[in-house]
Each structure stands twice: as C-alpha cells, then as structure tokens.
Amino acid sequence: MSNDAHMKVLHQLRRLPENRKCGSCRHEEKLGFKDVCVKFQIFVCGDCKSAHQAYSHRCKVQQCSRLVCVSSDALFFSHAYCGL
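A short tour of the structure in this document, coming up. (Residues numbered from 1 in each chain as written. Predicted model: local features only at pLDDT ≥ 70, side-chain atom pairs only at ≥ 80, totals over all residues. Heavy atoms only, no water.)

Overview of the pattern of salt bridges
Working step 1: Applying the stated criterion across every chain, the model contains 1 salt bridge.
Working step 2: In this structure, Asp-35 and Lys-49 form a salt bridge, with 3.8 Å as the shortest nitrogen-oxygen distance. Within this pair, whereas Asp-35 is found in strand β1 (residues 35-37), its partner Lys-49 is found in helix α2 (residues 46-54), the two being separated by 14 residues in sequence. This pair shows no difference in class: Asp-35 is buried, exactly as Lys-49 is. (Salt bridge = Lys/Arg side-chain N within 4 Å of Asp/Glu carboxyl O. Helix = DSSP H or I, 4+ residues; strand = E, 2+ residues; numbered from the N terminus. Buried < 20%, exposed > 50% of the residue type's maximum accessible area, 1.4 Å probe, protein only.)

Structure representation (structure tokens):
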C-alpha cells in the first residue's frame with residue numbers, strides 16, 4: 001500500500017463512530033482522534049496519550065510516517081477482525 005493509501009485508511013478508521021470516543025476515557029471528538037496507543041491499537045485523546053506514555057506505552061500521531069507504514073495495517077485488521 002502506498003503512503004497515501006495508508007493515510008486514507010487511517011482517516012476512515014478515525015472517523016468511524018466507535019473511534020470518535022477516546023479508547024481510554026471515552027471523551028468524544030467529532031472528527032476522531034489523531035493519536036494512537038500502539039500497544040492497545042486504540043485512538044486516544046491528548047490527555048490519555050500523555051498518561052499512556054507515562055506508563056511507557058508507545059503512542060504515535062496519525063501523521064507520523066512510521067505509524068502510516070506500520071500501524072495502519074494493524075489498526076485496519078483489528079477493526080476488520082471485530083467485524084467493522
């Protein structure tokens with residue numbers, strides 16, 4: 001998949017209704033969150049991102065190229081596995 005295709009998948013995933021709520025605190029954002037906790041493969045708000053990082057959980061911003069190339073497939077497949 002090209003970089004643009006990965007970005008498109010990430011934008012689609014982040015805008016799904018279940019991803020508009022933070023995976024940790026359930027805070028809701030109209031367009032979804034840009035931060036991802038890689039360990040749990042969830043989208044999180046900025047406050048929860050900081051909390052996860054305090055526990056040494058790796059978090060990435062959606063626009064980061066490594067997230068685009070590596071983690072978008074994992075996020076996509078985890079959602080596909082759940083039937084989304």
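Side note on the state of the cysteines
Working step 1: What the rule picks out here adds up to 0 disulfides.
Working step 2: With no disulfide partner, Cys-22 has as its closest neighbouring cysteine sulfur the one in Cys-48, 3.6 Å distant.
Working step 3: Assessed through its relative accessible area of 0%, Cys-22 is described here as buried.
Working step 4: Cys-37 supplies the cysteine sulfur nearest to Cys-59, a cysteine that is in no disulfide, at a spacing of 4.3 Å.
Working step 5: Note on Cys-59: relative accessible area 11%, which makes it buried. (Disulfide = S-S within 2.5 Å.)

Some words on helix α1 (residues 3-14)
Working step 1: Between its first and last C-alpha, α1 extends 16 Å over 12 residues, near the 16 Å set by a 1.5 Å rise per residue.
Working step 2: Within α1 the residues assigned to the buried category are His-6, Met-7, Val-9, Leu-10, Leu-13 and Arg-14. The arc that holds every buried residue of α1, seen down its axis, measures 160 degrees, which confines them to one face. Projecting away from the buried face of α1 at angles above 90 degrees are the exposed residues Asp-4 and Lys-8. (Expected span 1.5 Å × (residues − 1). Arc of directions from axis to C-beta.)

As for the sheet that holds strand β2 (residues 42-44)
Working step 1: A sheet is described by the order of its strands in space; here 3 strands give the open sequence β2-β1-β3, paired in antiparallel fashion. Two strands bound the open sheet, and with one partner strand each, they are β2 and β3 (59-61). Put simply, the sheet's adjacent strands are angled 35 degrees from each other on average, direction ignored.
Working step 2: Two strands pair when backbone bridges link them, and β1 and β2 are joined in this way by 3 bridges, in the antiparallel orientation. Bridging from a neighbouring strand, Asp-35 pairs with Val-44 of β2. (Pairing = 2+ DSSP bridges. Axes fitted to C-alpha atoms, helices over the stretch in contact; angles between N-to-C directions.)

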